[in-house]
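# Coordinate inspection notes
Take a look at the letters that make up each chain.
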Amino acid sequence: MASVNMSYLDPTTLMLIGIPGLQDVQFWIGFSFFAICLVALLGNTILLIIIPTEHSLHQPMYVFLAVLAATDIGLCVAIAPKMLAIFWFGSCSMAFDACLAQLFFIHALQGMESGILLAMAFDRYVAICDPLRHASILTPSILVTMVLVVAIRAMVLVGILPILIKRLHLFHSTVIAHSYCEHMAVVKLAAEDIRVNKTCGLLVGFTILGFDMIFIFISYILIFQAVFHLHQKEARLTAFNTCTAHIFVFLEFYILAFFSFFSHRFGHVAPSTHILLSTIYLLVPPALNPIVYGVKNKVIRKRVAQIFLLNRHSQQ
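Throughout what follows, the structure given in this document is the object of discussion. Quantities reported herein were computed from a predicted structural model and do not represent experimental measurements. By convention here, each chain's residues receive numbers from 1 onward along its written sequence. Reporting of local features is limited, given that this is a predicted model, to residues whose pLDDT is at least 70; pairs of side-chain atoms are given and counted only at 80 or more, and all residues count toward the totals for whole chains, interfaces and linings. For the side-chain quantities, the full set of heavy atoms in the structure was used; hydrogens and water were omitted.

### A look at the side chain of S219
A run of H or I in DSSP counts as a helix once it spans at least four residues, and a run of E counts as a strand once it spans at least two, with each numbered from the N terminus. Tracing the backbone through its elements, the reader meets S219 in helix α7 (residues 195–228). Burial classes: relative accessible area under 20% of the type maximum marks a residue as buried, over 50% as exposed, and values in between as partly exposed (1.4 Å probe, protein chains only). Its relative accessible area of 10% is what places S219 among the buried residues. If sequence neighbours within four positions are ignored, S219 has contacts with A121 and Y125. Contacts between residues were defined by any pair of non-hydrogen atoms, one from each residue, lying within 4.5 Å.

Structure (structure tokens):
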């Protein structure tokens, strides 16, 4: 690694320090995040076992839920191993290209999660506003196409970010004040003009998160209009009840996402607070999503109970 005027030319290694200001206690903080990751991995793995094997769950909403579960597992795998290695073992160094790979997978999986939430909102819109055509509109081929579009959109748009970072050669530091490789945390290390990187980061964020959030809001405005036009109170409650799990997941994802996104660029939040909240944003939704949908769905609750009862009987 060459040093030029206290700067670093084409560094091959970066250092992640974890949570600035909390290095003395991040060893113990790691246990909380480890528990959250375990819940997320266990819950989403159970969903991926139950949904394909339970015929009554072979519906668009649960197909999307299975994709969401796989995405959540991917997020945990992308962030947790290195983060816990920093917290527990002081393993702070990371190859520059490995950092960019982690950055890509984390942000691409976030983009996929946002797109799947939009697809789920569209499913709820069709199911409530045009129930007779639900099966003919959301056919298996359409579901596969929607998932592929969501995945390709996220990979192509997010893929621009590490490519733009690779065009930067001079860095004023190689120390990232974060527990994982986040786009702006890496970009701010550069000692060159980063306006293109910052602008593209904002455009990618709005193109994915902003676009999806706007259309989810539109879907729910139309859904609520249709629900309130139903004459029977029980029918209104039943229709609304089919959306509550998705509304909860949608709100938790986007509130945390936008706080993390804008606080890093425009806010004056303490670094330790920002990093804790951005990590919570990445890890808590994957842990909560299977719990929320498991509680709401009787079939999933029953199958989960059967899995744990079978394990208990086999141990006895």
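Having seen the model, we can carry on.
### A word on the state of the cysteines
Throughout, disulfides are identified as pairs of cysteine sulfur atoms within 2.5 Å of each other. Inspection of every chain in the model, using the stated rule, returns one disulfide. Covalent S-S linkage joins C99 and C181, the inter-sulfur distance amounting to 1.9 Å. Residues C99 and C181 share a disulfide whose torsion about the S-S bond is about -120 degrees; that sign makes it left-handed. Taken together, the positions of C99 in helix α3 (residues 96–129) and C181 in the loop between β6 (175–176) and α6 (183–187) put the pair 82 residues apart, joining distant regions of the chain. With a relative accessible area of 1%, C99 lands in the buried category.

### What to know about the nonpolar core
One finds L65, M120 and I176 to be the most contacted residues of the largest nonpolar core, which totals 95 residues. Discounting residues that sit within four places of it in the chain, L65 has contacts with L47, I51, M120, Y293 and I300. What we call a nonpolar core is a set of buried Ala, Val, Leu, Ile, Met, Phe, Trp, Tyr and Cys residues that are connected through their side-chain atoms within 4.5 Å.

### Digging into the environment of H178
With respect to the helices and strands, the residue H178 is situated in the loop between β6 and α6. Here the alpha-carbon distance between H178 and P271, two residues 93 residues apart in the chain, equals 8.4 Å.

### Things to note about a nonpolar patch on the surface
Patch definition: residues with relative accessible area over 30% and no salt bridge; like charges joined within 9 Å; nonpolar side chains (Val, Leu, Ile, Met, Phe, Trp, Tyr) joined within 5 Å. Every accessible area reported is derived by Shrake-Rupley at a probe size of 1.4 Å, with residue values counting cover from the shown protein chains alone. We count a salt bridge whenever a side-chain nitrogen from Lys or Arg sits within 4 Å of a carboxyl oxygen from Asp or Glu. A cluster of nonpolar side chains, F206, F211, I214, F215, I218 and L222, forms an exposed patch at the surface whose accessible area comes to about 530 Å². Structurally, F211 is set in helix α7. With a relative accessible area of 38%, F211 lands in the partly exposed category.

### Side note on unusual backbone geometry
Phi is positive for D10, which is not a glycine, with a value near 45 degrees. Mapped onto the elements, D10 comes out in the loop between β2 (7–9) and β3 (13–16).

### Description of the pairing of β3
In β3, alternate side chains face the same way, and those of L14 and L16 are buried while those of T13 and M15 on the opposite face are not. Each pair of strands is called paired provided DSSP finds at least two bridges between the two strands. Bridge count for β3 against strand β4 (residues 93–95) is three bridges, and the pairing is antiparallel. Note on β4: the bridge partner recorded for L14 is M94. Here β3 pairs with β6 via two bridges, running parallel. Bridge pairing in β6 links L16 to I176.

### Quick look at the packing of aromatic side chains
The rule is short: rings of Phe, Tyr and Trp, with Trp giving its six-membered ring, pair when the centres are within 6.5 Å, and they are stacked under 30 degrees, edge-to-face over 60, tilted in between. Counted according to the given criterion, the structure contains 17 aromatic pairs. Pairing F27 with W28 gives two aromatic rings, centres 5.0 Å apart and planes at 85 degrees, and the pair type is edge-to-face. Its relative accessible area of 32% is what places F27 among the partly exposed residues. Residue classification places W28 among the exposed positions, given a relative accessible area of 60%. When the ring of F253 is compared with that of Y254, the centres are 5.0 Å apart and the planes differ by 85 degrees; the resulting orientation is edge-to-face.

### Some thoughts on the environment of S136
Its location among the elements puts S136 in helix α4 (residues 134–137). Between the C-alpha atom of S136 and that of S173, which follows or precedes it by 37 residues, the distance is 56 Å. Within the structure, S136 has its side chain in polar contact with the backbone oxygen of R133 (distance 2.9 Å). In the analysis that follows, any N or O atom pair within 3.5 Å is treated as a polar contact, provided that within protein one partner can donate a hydrogen and the other can accept it, and provided that, for residues neighboring in sequence, both atoms belong to side chains.

### A closer look at the packing of α3 against α7
For the pair α3 and α7, interaxial distance at closest approach is 9 Å and the crossing angle is 15 degrees. With respect to α7, the element α3 is oriented roughly parallel. Judged by the sense of rotation from one axis to the other, the crossing of α3 with α7 is left-handed. Here G111, S114, G115, L117, L118, A121, R124, Y125, I128 and C129 of α3 lie close against α7, whose contacting residues are I208, L209, F211, D212, F215, I216, S219, Y220, L222, I223, A226 and V227. Split by residue class, the contact of α3 with α7 holds 16 nonpolar, four polar and two charged. Between N-to-C directions, angles cover 0 to 180 degrees, with each direction set by a line fitted to C-alpha atoms, over the stretch in contact for helices. Any angle from 65 to 115 degrees is called roughly perpendicular, while one under 35 is roughly parallel, one over 145 is roughly antiparallel, and all others are oblique. In this scheme, a crossing is called left-handed if the near helix is turned counterclockwise away from the far one by less than a right angle; it is called right-handed if the turn is clockwise. Residue type decides the class: Asp, Glu, Lys and Arg count as charged, Ala, Val, Leu, Ile, Met, Phe, Trp, Tyr, Cys and Pro as nonpolar, and the leftover types, Gly among them, as polar.

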